[in-house]
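Structure assessment
Single-letter residue listing:
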Amino acid sequence: MALNINEKSFAVQASYGNFYAGGDVAWSKDGKWIFCLNGSEITKVDVQTGLVNRSYGLNYNEEGERINTGAEEEENDDTIYCFDLSPNQEYIVTVHRSSLLRLWHLPTGKIEKLWKSQHKGPVVKVAFSSDAKLICTSGADSTLRIWDYDNSRCLCALKEFVGPANLVQFHPNPAKKEIFAAGADNAIYKWNYETKEMQAKMKGHLSQVTGFDFSDNTVECKNLVSVSRDKVLIVWNMDDGKQLKVVPLYEEIVGVFYKDKTNAIVVGLNGNLKQINCGSGKISVLLESQEKEYEINKMLRNALNNQLAVVTTDHNILIFEMEPKLKCFKHLIGFNDEILDICFLGESEQFLAVATNSKHIKLYDIENDMNCNIIVGHKDTVMTLSSPGSSNLLLSAGKDYSIFLWSLDKENATLKCLAKNTSSHTATIGCISFGFNCSNVFASVCQSGSMKVWTLKAKHKQEEYEFLIKYAALAHDKEVNSVSFSPNNKIIATASQDKTAKLWSADSHSIIGTLRGHSRGVWSVRFSPTDQIVLTTSSDCSLRLWSLSNLSCLKRLEQTATVLRAEFIDHGKYIISSGSDGLLKVWNIKTNACVQTLDEHDDRVWSLAVSSKTQKYFFSAAADSKLIKWKDITEECKNSEIDKRQAELQEEQSLQTLLHQNKNLKKAFVLALKLGKPRVTYNILNQFIQKRQHAAIGDLITQLNNDRKLILLDHVKVWSCNARYSQVSNVVLHHLLNEMLVEPSLQRSLNAKNLVEVVTPYVQRHFKRVTELSKELNFLDFIVQNI
């Protein structure tokens, strides 16, 4: 269905999805890109914007675009176990479940090398040498293999250690033919891979070694620092493998690197960052984690920008500036899980609060490249969020039966808890809603069927509030999915799995009416901002518009799947709805028509957040973890269509001028094809035939590109059905068939289906003519024989 230029139209402005599912992470030298392991692909993420620039994997072409779906994708789903980025930023090596190693050329996305690991079991770690000429693989069979990938050969296999080794690193100076690995026996091993000799075994840690680093990258490098979960840091002499210094840190350490030749930076399991003087053992706390809500599993360093990054166990990446003071300036969300609810926050709607099937709230800064902060406080999954439009207040509630009131701290891009109620409901709170543009009243509903209306009262301290129950009611017999206030805040609407929506007086607990008609559970209810209308969505795959005056159903709009959420836009003229099939639909209320279908999500779209200020964009969030920003392109489409029509008018005027002057018929022929005018095309070709200029027709057809030839073939299809135009169609078809015999590319463009449709009427007509001629000849023979 062609889009009417006067109708609403939206397009994707940005899409934020999962890019990290755990495992290895690498950071480019310039600090602009982070490479993350994401199942069967490697994603290249822009640190500034948090967007995926491209992906490397068997399901992606050389441009980084996904090429396979369905069964084909399952065949190519060769999970990547580990990877490493070459120091020269030219290559990535990936190790797959199939025991194959693939060497990817980063600029082109091509696989340049492919070989078998030769390990008896999976490969757990892979690493490039400092000059990017060698690759080391560590297998579950307790062996290390050194590969010269240019010559496709294995240089050596190192076996004299207790494996597997989850940490492997070449000496930072390629002149030193040494490699280091942390074994399963908590020791660090050192080999010369040219002589295949183990030179040192550094044993001192009591538990798994989680990180080690070299004091410098010179040939004379003498010291190695290592950390472990045994809560100590050890400085080693690499020549003899003896301990130089042991520093107790009193917490489990998961990463370490040398800041300079004397000082090392360590990160603790709970996110504490400390600086250790490796000579004196002095400890300086750089950052102390206030909340013990997430664990760190690795640390990365970018020496060029003097930055460091820590990776959490829930797949988030926090990036810090080291100077002048340690400060987190970027938070990348690698994995969101199922997104349950979203809402705008702030007077300028600069922030987006997101509930992601987690006890944490994620706060995105829309104007600052979607930088994110994680807000802790709830003890169980957050299910619902609400903000009273252009306000700094936010309500959150969920499976812990608690309601939290938050205030936006715009300067630090975080939320501060102003009040909380932990005994408000006896079941999961499924929805909470502020009054319409009102910040002192809200309603909450839960799975037990109850509804509570609250007022907010400020305490003597302005930054503290308390919740006061205005009234409570058993609203429905089953779970209540949605609650909403009318624009004048006098009516509250609730929607439930009991197939009904109900209207309540906001001033008392009395019921105004019940909206019956849906054959399955009702998922959401919304009031029109301009009309006396209520909108409901249901599992019966429909949206219904109800009159507030007599509670009758005015309109019913049908979809092909459960309609989970719907919002009014453009002052109530249009509706955006989201379904369990991942589709968003834009509806024109006046015409009952779906004017656009947006297909970018792969799973249930749980939530929509429409900008109340401009309504020029909105966000959608789904169970596929995608958070998509849609922009209103109605004006752009309108202007583009107007420009297109003006261009067509100018081309038609040019065509008429050429035909009138009977000049430059070749140009007129091309214009007629472009404008789709078979009659004009026929007249031009017919002039050449009447003048017996068949060669000129061949030149006209030869100069056309394949798209124009396809259009000409469609014109021939029309002409072949009429004997009056058959001569021209025969001549054109003759030239096209001759070209197809010479150019295979033209055969693919003019596919068999089109060709059969063109040739069929031609063959039928001539078969009929030959049949009639044969009858006449037989009749003539009969007459001659009887004379």
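The rules behind these values
As a convention, each chain's residues are numbered from 1 in the sequence order in which they are written. In keeping with the predicted nature of the model, local features appear solely for residues at pLDDT of at least 70, side-chain atom pairs appear and are counted solely at 80 or more, and the whole-chain, interface and lining totals rest on all residues. With hydrogens and water set aside, each side-chain value is computed from the structure's full complement of heavy atoms. UniProt positions are given in the numbering used here, feature names are shortened, and annotations may be inferred rather than shown by experiment. Think of it this way: any DSSP run of H or I at least four residues long counts as a helix, any run of E at least two long counts as a strand, and we number them from the N terminus. Relative accessibility under 20% of the residue-type maximum defines a buried residue, over 50% an exposed one, and the middle range a partly exposed one, all with a 1.4 Å probe and only protein chains included. The term polar contact refers here to a pair of N or O atoms within 3.5 Å; inside protein, the definition further demands a hydrogen-donor-capable atom paired with an acceptor-capable atom, and it admits residues adjacent in sequence only when both atoms are side-chain atoms. Only heavy atoms matter for contacts: two residues are in contact if any of them lie within 4.5 Å across the pair. Note: domain ranges come from an automatic or database domain assignment. Put simply, a patch holds well-exposed residues, over 30% relative accessible area, that have no salt bridge, with like charges counted together within 9 Å and Val, Leu, Ile, Met, Phe, Trp or Tyr side chains within 5 Å. Surface accessibility in these figures is a Shrake-Rupley result with a 1.4 Å probe; residues are shielded only by whichever protein chains are displayed. Here, a salt bridge means any side-chain nitrogen of Lys or Arg that lies within 4 Å of a carboxyl oxygen of Asp or Glu. Here, a strand pair is defined by DSSP locating no fewer than two bridges between the strands. Where helices are involved, their axes are fitted lines through C-alpha atoms of the stretch in contact, as for all axes, and angles between N-to-C directions lie from 0 to 180°. When the centres of two rings from Phe, Tyr and Trp lie within 6.5 Å, Trp using its six-membered ring, the rings pair. Their planes under 30 degrees apart give stacked, over 60 give edge-to-face, and anything left gives tilted. Here, nonpolar core means buried Ala, Val, Leu, Ile, Met, Phe, Trp, Tyr and Cys residues that are tied together by side-chain atoms lying within 4.5 Å of each other. For this scheme, ten residues count as nonpolar: Ala, Val, Leu, Ile, Met, Phe, Trp, Tyr, Cys and Pro. Four count as charged, namely Asp, Glu, Lys and Arg, and the remainder, Gly too, count as polar.

By the naming in an unreviewed UniProt entry, the chain is Transducin beta-like protein 3, taken from Musca domestica. In its Subcellular location (unreviewed entry) section, UniProt records this for the chain: "Nucleus, Nucleolus".

1. Side note on the side chain of His96
Secondary-structure assignment places His96 in strand β7 (residues 91-96). The class for His96 is buried, based on a relative accessible area of 3%. At a separation of 3.0 Å, a polar atom in the side chain of His96 contacts the main-chain carbonyl oxygen of Asp78. For His96, the residues in contact, after removing those within four places along its chain, are Asp78, Thr79, Ile80, Tyr81 and Arg102.

2. A few points about the domain arrangement of the chain
Looking at the assigned domains, one finds that the chain contains domain 1 (13-65 + 77-264), domain 2 (339-636) and domain 3 (671-785). When each unit is reduced to the centre of its C-alpha atoms, the spacing between domain 2 and domain 3 is 62 Å.

3. Examining a nonpolar patch on the surface
Side chains of Leu773, Leu777, Leu780 and Val784 sit close together on the surface and give an oily, nonpolar patch of about 360 Å² of accessible area. One can find Leu777 in helix α9 (residues 752-785).

4. Observations concerning the pattern of salt bridges
The final tally for this structure, using the stated rule, is 17 salt bridges. With its nearest N and O atoms 3.5 Å apart, the salt bridge here joins Lys190 to Glu178. Remark: Glu178 occurs in strand β15 (residues 178-182) and Lys190 occurs in strand β16 (residues 187-192); sequence separation between them is twelve residues. You'll find Lys190 and Glu178 in the same group, each marked buried. A salt bridge links Lys274 to Glu251, with the shortest nitrogen-to-oxygen separation between them at 3.1 Å.

5. Describing the sheet that holds β7
Spatially, the four strands line up as an open sheet ordered β6-β7-β8-β9, and their pairing is antiparallel. Two strands in the sheet have a free side with no partner beyond their single neighbour: β6 (80-85) and β9 (110-116). If you compare each strand with its neighbour and ignore which way they point, the axes differ by 20° on average. As defined by bridge partners, β7 adjoins strand β8 (residues 100-105) across five bridges and the pair is classed as antiparallel. Each bridged residue has a counterpart across the sheet, and for Val93 the counterpart in β8 is Leu103.

6. Concerning the sheet that holds strand β45 (residues 511-516)
What the four strands build is an open sheet, ordered β42-β43-β44-β45; its pairing is antiparallel. Looking at which strands have only one partner, the edges of the open sheet turn out to be β42 (480-485) and β45. Each strand of the sheet is rotated relative to its neighbour by a mean of 20°, with strand direction disregarded.

7. A word on the environment of Ser577
With respect to the secondary-structure elements, Ser577 resides in strand β51 (residues 574-579). Judged by its relative accessible area of 0%, Ser577 falls in the buried class. In sequence terms Ser577 and Thr262 are 315 residues apart; their C-alpha atoms lie 60 Å from each other. Each residue touching Ser577, except ones within four places of it in the same chain, is listed here: Leu543, Gln559, Val563, Arg565, Ala566, Leu583, Leu584, Lys585 and Trp587. Here Gln559 takes part through its side chain, which lies 2.3 Å from a polar atom of the side chain of Ser577. A distance of 2.9 Å separates polar atoms of two side chains, one belonging to Ser577 and the other to Trp587.

8. Some remarks on the packing of aromatic side chains
Taken as a whole and judged by the stated rule, the model has 20 aromatic pairs. Here the aromatic rings of Phe180 and Phe214 are separated by 5.0 Å at their centres, their planes lie at 70°, and the arrangement is edge-to-face. Here the residue Phe180 occupies a position in strand β15, and Phe214 occupies one in strand β18 (residues 209-214), the gap between them amounting to 34 residues. Phe180 sits in the buried class, given a relative accessible area of 0%.

9. Here's the deal with the nonpolar core
If you look at the biggest cluster of nonpolar residues, it comprises 28 residues, and the most contacted ones within it are Phe669 and Val732. Secondary-structure elements contributing two or more residues to this core are α2 (634-661), α3 (665-674), α4 (678-690), α5 (694-702), α6 (706-720) and α7 (726-742).

10. Observations concerning the packing of α4 against α5
Pairs of packed helices are described in terms of their axes, by the angle between the two and the distance that separates them. In contact at an axis separation of 7 Å, α4 and α5 are set at 145° when each is read in the N-to-C sense. Residue-level contacts link Leu685, Phe688 and Ile689 of α4 to His694, Ala696, Ile697 and Leu700 of α5. Partitioning the contact of α4 with α5 into residue classes produces six nonpolar, one polar and no charged.

11. Topic: the side chain of Ser524
By secondary structure assignment, the location of Ser524 is in strand β46 (residues 522-527). Among the polar contacts made by the side chain of Ser524, one reaches the side chain of Thr537 at a distance of 2.8 Å. Residues in contact with Ser524, not counting those within four places in the same chain, are Ser482, Ala495, Leu535, Thr536, Thr537, Leu564, Arg565 and Ala566.

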